[in-house]
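Notes for the structure review
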Amino acid sequence: MNNIATNIAQIHNRIDKACQKVGRNPEDVKLIAVSKVKPAEQVEEAFHAGQNLFGESYVQEFRDKEPLVTAPVQWHFIGGLQSNKVKYLRGKVAMIHAVDRLSLAEEIDRQWGKIDGVAEILLQVNIGDEASKSGCAPEDLENLVRAVAQLPNLRIKGLMCLPPHSDDPEQVRPFFKQLHELFEHIDKLQLPGVNMDELSMGMSGDFEVAVEEGATMVRVGTAIFGARIKKV
Ligand SMILES: *Cc1c(COP(=O)(O)O)cnc(C)c1O
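Described below are features of the structure shown in this document. (Residues numbered from 1 in each chain as written. Predicted model: local features only at pLDDT ≥ 70, side-chain atom pairs only at ≥ 80, totals over all residues. Heavy atoms only, no water.)

Moving on to the overall build of the protein chain. When its secondary structure is counted, the protein chain shows 8 helices and 8 strands. Dimensions along the principal axes, computed over C-alpha positions, put the protein chain at roughly 45 × 40 × 30 Å. Within the protein chain, buried positions represent 51% of all 232 residues. Long-range pairs, those at least 24 residues apart, make up 59% of the contacts in the protein chain with a sequence separation of at least 6. Roughly 10,900 Å² of accessible area belongs to the protein chain as shown, and the carbon and sulfur atoms make up 47% of that amount. Mean positive and mean negative side-chain charge positions of the protein chain (27 and 33 charges, respectively) differ by 5 Å. (Helix = DSSP H or I, 4+ residues; strand = E, 2+ residues; numbered from the N terminus. Buried < 20%, exposed > 50% of the residue type's maximum accessible area, 1.4 Å probe, protein only. Contact = heavy atoms within 4.5 Å. Areas by Shrake-Rupley, 256 points an atom, 1.4 Å probe, with all protein chains shown as cover. Lys, Arg positive; Asp, Glu negative; His and termini not counted. Charge placed at Lys NZ, Arg CZ, Asp CG, Glu CD.)

Bringing helix α6 (residues 169–189) into the picture now. Here α6 contains 21 residues, and its C-alpha end-to-end distance of 31 Å stays within 8% of the 30 Å for a straight helix at 1.5 Å per residue. When α6 is considered as a whole, its buried residues turn out to be Val 172, Arg 173, Phe 176, Leu 179, Leu 182, Phe 183 and Ile 186. The inward-facing, buried residues of α6 contact β5 (119–125), α5 (141–148), β6 (154–161), β7 (194–200) and α7 (207–212). Sitting at the amino-terminal end of α6 is Asp 168, which places a side-chain oxygen 2.9 Å from the backbone nitrogen of Glu 170. With its phi angle positive at about 50°, Gln 190 sits one or two positions after the end of α6. (Expected span 1.5 Å × (residues − 1). Polar contact = N/O pair within 3.5 Å; in protein donor to acceptor, adjacent residues only side chain to side chain.)

Quick look at the pairing of strand β1 (residues 30–34) now. For β1, a buried count of 4 out of 5 residues is recorded, marking the element as mostly surrounded by other parts of the structure. Examined bridge by bridge, β1 and strand β8 (residues 217–220) share 4 bridges and lie parallel to one another. Bridging across to β8, Ala 33 finds its partner in Val 220. Of the pairings in the sheet, the one linking β1 to strand β2 (residues 53–56) comprises 2 bridges and is parallel in character. When the bridges of β2 are listed, Ala 33 appears paired with Phe 54. (Pairing = 2+ DSSP bridges.)

With that settled, consider the site of the ligand. Lys 36, Ser 204, Gly 221, Thr 222 and Arg 228 are the nearest of the 13 residues found near the ligand. In this structure, a nitrogen atom belonging to the ligand sits 2.8 Å away from a side-chain N or O atom of Arg 219. Across the complex, the protein chains shield 89% of the 390 Å² of accessible surface that the ligand would expose by itself. Of the residues belonging to the shell around the ligand, the class tally is 6 nonpolar, 4 polar and 3 charged. (Near = heavy atom within 4 Å. Nonpolar A, V, L, I, M, F, W, Y, C, P; charged D, E, K, R; others polar.)

We now examine the packing of α5 against α6. Contact pair α5 / α6: the axes reach a minimum separation of 11 Å and the direction vectors enclose 45°. The angle between the axes of α5 and α6 places the two elements in the oblique class. Regarding α5 and α6, the two cross each other, and that crossing is right-handed. On α6, the residues touching Leu 141, Glu 142, Val 145 and Arg 146 of α5 are Leu 182, His 185, Ile 186 and Leu 189. Across the contact of α5 with α6, the residue classes tally to 5 nonpolar, 1 polar and 2 charged. (Axes fitted to C-alpha atoms, helices over the stretch in contact; angles between N-to-C directions. Parallel < 35°, antiparallel > 145°, perpendicular 65-115°, else oblique. Left-handed = near helix turned anticlockwise from the far one by under 90°.)

By themselves these figures say nothing about function.
Below is the structure:
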(Lines give C-alpha, C1' and ligand atoms only; values in the text may rest on other atoms or scores of the structure.)
Protein backbone atom coordinates (compact mmCIF):
# COMPACT_ATOMS: atom_id res chain seq x y z
CA MET A 1 0.00 0.00 0.00
CA ASN A 2 2.86 2.42 -0.45
CA ASN A 3 2.76 3.06 -4.15
CA ILE A 4 0.57 6.11 -4.31
CA ALA A 5 0.39 6.25 -8.10
CA THR A 6 -0.67 2.60 -8.34
CA ASN A 7 -3.27 3.05 -5.62
CA ILE A 8 -4.76 6.08 -7.35
CA ALA A 9 -4.96 4.21 -10.66
CA GLN A 10 -6.68 1.29 -8.94
CA ILE A 11 -9.22 3.56 -7.30
CA HIS A 12 -10.04 5.15 -10.65
CA ASN A 13 -10.56 1.66 -12.06
CA ARG A 14 -12.90 0.79 -9.25
CA ILE A 15 -14.81 4.06 -9.68
CA ASP A 16 -15.10 3.32 -13.42
CA LYS A 17 -16.51 -0.14 -12.71
CA ALA A 18 -19.02 1.18 -10.18
CA CYS A 19 -20.13 3.80 -12.73
CA GLN A 20 -20.50 1.16 -15.43
CA LYS A 21 -22.68 -0.91 -13.15
CA VAL A 22 -25.25 1.87 -12.84
CA GLY A 23 -24.74 3.67 -16.14
CA ARG A 24 -22.98 6.76 -14.83
CA ASN A 25 -20.18 8.73 -16.45
CA PRO A 26 -16.93 8.42 -14.44
CA GLU A 27 -16.20 12.06 -15.28
CA ASP A 28 -19.04 12.95 -12.94
CA VAL A 29 -17.18 11.51 -9.95
CA LYS A 30 -14.32 13.49 -8.42
CA LEU A 31 -11.73 11.74 -6.31
CA ILE A 32 -10.63 13.70 -3.25
CA ALA A 33 -7.39 12.34 -1.85
CA VAL A 34 -7.61 12.67 1.92
CA SER A 35 -4.08 13.57 2.97
CA LYS A 36 -4.68 14.24 6.67
CA VAL A 37 -1.80 13.07 8.86
CA LYS A 38 0.30 12.49 5.73
CA PRO A 39 3.29 14.70 4.86
CA ALA A 40 3.48 17.31 2.11
CA GLU A 41 5.83 15.05 0.11
CA GLN A 42 3.07 12.47 -0.27
CA VAL A 43 0.69 15.16 -1.49
CA GLU A 44 3.27 16.13 -4.10
CA GLU A 45 3.75 12.48 -5.05
CA ALA A 46 0.02 12.05 -5.58
CA PHE A 47 -0.09 15.31 -7.57
CA HIS A 48 2.58 13.99 -9.90
CA ALA A 49 0.43 10.89 -10.36
CA GLY A 50 -2.32 13.16 -11.69
CA GLN A 51 -4.27 13.84 -8.49
CA ASN A 52 -5.14 17.48 -7.92
CA LEU A 53 -7.90 17.51 -5.28
CA PHE A 54 -6.88 16.99 -1.65
CA GLY A 55 -8.91 16.84 1.53
CA GLU A 56 -7.72 17.87 4.98
CA SER A 57 -9.51 17.51 8.31
CA TYR A 58 -7.48 19.40 10.91
CA VAL A 59 -6.97 23.16 10.74
CA GLN A 60 -3.60 23.28 12.48
CA GLU A 61 -2.20 20.50 10.35
CA PHE A 62 -3.51 22.18 7.21
CA ARG A 63 -1.87 25.48 8.21
CA ASP A 64 1.45 23.71 8.64
CA LYS A 65 1.24 21.63 5.48
CA GLU A 66 -0.30 23.99 2.94
CA PRO A 67 2.75 26.28 2.57
CA LEU A 68 4.98 23.22 2.09
CA VAL A 69 3.05 22.01 -0.94
CA THR A 70 4.30 23.92 -3.97
CA ALA A 71 2.32 21.97 -6.58
CA PRO A 72 -0.87 23.80 -7.64
CA VAL A 73 -3.25 21.47 -5.80
CA GLN A 74 -6.81 22.31 -4.84
CA TRP A 75 -7.61 21.92 -1.13
CA HIS A 76 -10.94 20.92 0.33
CA PHE A 77 -11.56 21.12 4.05
CA ILE A 78 -13.58 18.05 4.98
CA GLY A 79 -13.34 17.89 8.78
CA GLY A 80 -15.38 19.33 11.62
CA LEU A 81 -14.73 23.04 11.96
CA GLN A 82 -14.88 25.48 14.86
CA SER A 83 -15.98 28.98 13.91
CA ASN A 84 -12.92 30.63 15.45
CA LYS A 85 -10.66 28.70 13.06
CA VAL A 86 -12.43 29.58 9.82
CA LYS A 87 -10.08 32.54 9.33
CA TYR A 88 -7.16 30.19 8.76
CA LEU A 89 -8.92 28.63 5.77
CA ARG A 90 -9.99 31.91 4.19
CA GLY A 91 -9.03 32.02 0.53
CA LYS A 92 -6.99 28.83 0.85
CA VAL A 93 -9.58 26.12 0.38
CA ALA A 94 -11.82 25.66 -2.63
CA MET A 95 -14.59 23.99 -0.68
CA ILE A 96 -15.66 23.36 2.92
CA HIS A 97 -17.56 20.07 3.20
CA ALA A 98 -18.85 19.81 6.74
CA VAL A 99 -20.97 22.89 7.41
CA ASP A 100 -23.70 21.80 9.80
CA ARG A 101 -24.96 24.96 11.51
CA LEU A 102 -25.92 28.51 10.67
CA SER A 103 -23.37 30.10 13.03
CA LEU A 104 -20.53 28.36 11.18
CA ALA A 105 -21.91 29.40 7.79
CA GLU A 106 -22.18 32.99 9.04
CA GLU A 107 -18.52 32.99 10.04
CA ILE A 108 -17.47 31.55 6.66
CA ASP A 109 -19.55 34.27 5.01
CA ARG A 110 -17.90 36.95 7.16
CA GLN A 111 -14.37 35.72 6.46
CA TRP A 112 -14.85 35.32 2.71
CA GLY A 113 -16.50 38.75 2.66
CA LYS A 114 -13.18 40.23 3.80
CA ILE A 115 -11.56 39.06 0.58
CA ASP A 116 -14.61 39.77 -1.59
CA GLY A 117 -14.78 36.07 -2.24
CA VAL A 118 -17.46 33.45 -2.39
CA ALA A 119 -16.86 30.25 -0.42
CA GLU A 120 -18.27 27.03 -1.81
CA ILE A 121 -19.70 24.85 0.91
CA LEU A 122 -21.52 21.57 1.41
CA LEU A 123 -23.98 21.00 4.22
CA GLN A 124 -23.25 17.98 6.37
CA VAL A 125 -26.24 15.85 7.26
CA ASN A 126 -26.21 13.48 10.23
CA ILE A 127 -27.80 10.79 8.17
CA GLY A 128 -27.56 7.95 10.67
CA ASP A 129 -28.85 10.23 13.44
CA GLU A 130 -25.85 9.34 15.56
CA ALA A 131 -25.38 11.25 18.79
CA SER A 132 -21.59 11.11 18.36
CA LYS A 133 -21.57 12.60 14.87
CA SER A 134 -21.92 16.17 13.79
CA GLY A 135 -24.19 17.18 10.97
CA CYS A 136 -27.60 18.73 10.79
CA ALA A 137 -30.57 16.43 11.44
CA PRO A 138 -32.28 15.43 8.17
CA GLU A 139 -35.54 17.05 9.30
CA ASP A 140 -33.77 20.36 9.94
CA LEU A 141 -31.92 20.45 6.62
CA GLU A 142 -34.43 22.44 4.61
CA ASN A 143 -34.54 25.23 7.20
CA LEU A 144 -30.75 25.32 7.36
CA VAL A 145 -30.49 25.51 3.57
CA ARG A 146 -32.98 28.39 3.46
CA ALA A 147 -31.10 30.34 6.15
CA VAL A 148 -27.60 29.72 4.77
CA ALA A 149 -28.72 30.60 1.24
CA GLN A 150 -29.28 34.20 2.40
CA LEU A 151 -25.58 34.73 3.04
CA PRO A 152 -23.91 36.67 0.21
CA ASN A 153 -20.34 35.38 0.42
CA LEU A 154 -20.98 31.69 0.21
CA ARG A 155 -22.66 29.28 -2.11
CA ILE A 156 -24.27 25.98 -1.16
CA LYS A 157 -23.00 23.42 -3.66
CA GLY A 158 -24.43 20.23 -2.25
CA LEU A 159 -24.53 17.80 0.65
CA MET A 160 -22.06 15.64 2.53
CA CYS A 161 -22.35 12.79 5.02
CA LEU A 162 -20.25 10.61 7.23
CA PRO A 163 -22.62 7.66 7.80
CA PRO A 164 -22.37 5.10 10.61
CA HIS A 165 -19.33 2.92 10.12
CA SER A 166 -19.67 -0.66 8.99
CA ASP A 167 -17.17 -3.14 7.57
CA ASP A 168 -19.89 -4.17 5.14
CA PRO A 169 -20.52 -1.39 2.60
CA GLU A 170 -23.98 -2.80 1.87
CA GLN A 171 -24.96 -1.77 5.41
CA VAL A 172 -24.04 1.80 4.50
CA ARG A 173 -25.94 1.87 1.21
CA PRO A 174 -29.31 2.93 2.74
CA PHE A 175 -27.65 5.99 4.25
CA PHE A 176 -26.17 7.01 0.90
CA LYS A 177 -29.59 6.53 -0.67
CA GLN A 178 -31.18 8.69 1.99
CA LEU A 179 -28.67 11.51 1.45
CA HIS A 180 -29.31 11.32 -2.29
CA GLU A 181 -33.06 11.64 -1.68
CA LEU A 182 -32.52 14.73 0.48
CA PHE A 183 -30.30 16.13 -2.27
CA GLU A 184 -33.08 15.64 -4.84
CA HIS A 185 -35.60 17.20 -2.48
CA ILE A 186 -33.51 20.34 -1.92
CA ASP A 187 -32.71 20.55 -5.63
CA LYS A 188 -36.42 20.61 -6.49
CA LEU A 189 -36.95 23.66 -4.25
CA GLN A 190 -34.89 25.71 -6.78
CA LEU A 191 -33.70 28.14 -4.15
CA PRO A 192 -31.56 31.10 -5.23
CA GLY A 193 -27.93 30.67 -4.15
CA VAL A 194 -28.33 26.92 -3.82
CA ASN A 195 -26.91 24.49 -6.37
CA MET A 196 -27.26 20.82 -5.69
CA ASP A 197 -24.24 19.86 -7.81
CA GLU A 198 -22.15 17.82 -5.41
CA LEU A 199 -22.92 14.81 -3.28
CA SER A 200 -19.85 14.12 -1.12
CA MET A 201 -20.05 10.60 0.26
CA GLY A 202 -17.99 7.42 0.34
CA MET A 203 -14.57 6.69 1.83
CA SER A 204 -11.96 3.94 1.39
CA GLY A 205 -14.24 1.16 2.62
CA ASP A 206 -17.40 2.06 0.76
CA PHE A 207 -16.75 4.49 -2.10
CA GLU A 208 -17.98 2.11 -4.81
CA VAL A 209 -21.37 1.77 -3.16
CA ALA A 210 -21.44 5.56 -2.73
CA VAL A 211 -20.75 5.97 -6.46
CA GLU A 212 -23.55 3.53 -7.27
CA GLU A 213 -25.83 5.68 -5.13
CA GLY A 214 -24.90 8.91 -6.87
CA ALA A 215 -21.81 10.35 -5.16
CA THR A 216 -20.09 13.08 -7.19
CA MET A 217 -17.19 13.33 -4.73
CA VAL A 218 -15.60 10.45 -2.89
CA ARG A 219 -13.16 11.15 -0.07
CA VAL A 220 -10.49 8.49 -0.02
CA GLY A 221 -7.52 8.47 2.35
CA THR A 222 -6.31 5.06 3.48
CA ALA A 223 -6.73 3.36 0.11
CA ILE A 224 -4.37 5.96 -1.42
CA PHE A 225 -1.84 6.78 1.29
CA GLY A 226 -2.03 3.69 3.49
CA ALA A 227 -3.11 3.42 7.10
CA ARG A 228 -2.86 6.45 9.34
CA ILE A 229 -0.95 5.84 12.52
CA LYS A 230 -1.50 9.15 14.30
CA LYS A 231 -5.04 10.51 14.62
CA VAL A 232 -7.98 8.90 12.86
C1 LIG B 1 -10.47 10.68 7.16
C2 LIG B 1 -11.68 11.02 6.40
C3 LIG B 1 -11.95 10.40 5.18
C4 LIG B 1 -11.09 9.31 4.57
O5 LIG B 1 -11.22 8.12 5.24
P6 LIG B 1 -10.51 6.78 4.71
O7 LIG B 1 -11.28 5.71 5.35
O8 LIG B 1 -9.10 6.84 5.13
O9 LIG B 1 -10.66 6.77 3.24
C10 LIG B 1 -13.09 10.80 4.51
N11 LIG B 1 -13.91 11.76 4.99
C12 LIG B 1 -13.67 12.39 6.15
C13 LIG B 1 -14.60 13.44 6.63
C14 LIG B 1 -12.56 12.03 6.90
O15 LIG B 1 -12.33 12.66 8.06
